[in-house]
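# Coordinate inspection notes
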Amino acid sequence: MKFLNSLLLVIISAIMISCGESQDSAYDRGYDDGYAVGYNTTCQIRSTLIAGDWDNKHYSRGYADGNSAGTQACLNKNN
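Being a predicted model, the structure only gives us computed values, none of them experimental.

### A look at helix 3 (residues 57-77)
- Its 21 residues place the ends of helix 3 30 Å apart at the C-alpha level, agreeing with the 30 Å of an ideal helix rising 1.5 Å per residue.
- Those residues of helix 3 lying buried are His58, Tyr59, Gly62, Tyr63, Gly66, Gly70 and Cys74. Burial along helix 3 is one-sided: seen end-on, the buried residues are contained in an arc of 120 degrees.
- Where helix 3 is buried, its residues touch helix 2 (23-42).
- Backbone nitrogen of His58 and a side-chain oxygen of the N-cap are separated by 2.9 Å at the start of helix 3; the cap is Asn56.

Next up, the structure:
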């Protein structure tokens, strides 16, 4: 019985790992990273660590959108 429970746990873990990240979550992660970089860079706050998943087109698109929004938010704050 203990072996079957362990086997079941391994199978479930393998299935969860193989699912990967959804398009929406990759975009959202990219948007958040881009927003932080755009805001922090424009407002000269600090350098920002990001995931930088440039091979993922959804992350890259989100990053570009977020960077524009973050830059604009900083500019609006200072006006």
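### A few points about the pattern of salt bridges
- Using the criterion set out here, one finds 1 salt bridge in the structure.
- Residue Asp53 is joined to Arg29 by a salt bridge in which the shortest nitrogen-to-oxygen separation is 3.2 Å. With Asp53 in the loop between helix 2 and helix 3 and Arg29 in helix 2, this pair connects stretches of sequence that are 24 residues apart.
- You can call Asp53 partly exposed: its relative accessible area is 25%.
- Classification of Arg29 by relative accessible area gives partly exposed; the value is 25%.

Quick notes on the rules
Residues numbered from 1 in each chain as written. Predicted model: local features only at pLDDT ≥ 70, side-chain atom pairs only at ≥ 80, totals over all residues. Heavy atoms only, no water. Helix = DSSP H or I, 4+ residues; strand = E, 2+ residues; numbered from the N terminus. Expected span 1.5 Å × (residues − 1). Buried < 20%, exposed > 50% of the residue type's maximum accessible area, 1.4 Å probe, protein only. Arc of directions from axis to C-beta. Contact = heavy atoms within 4.5 Å. Polar contact = N/O pair within 3.5 Å; in protein donor to acceptor, adjacent residues only side chain to side chain. Salt bridge = Lys/Arg side-chain N within 4 Å of Asp/Glu carboxyl O.

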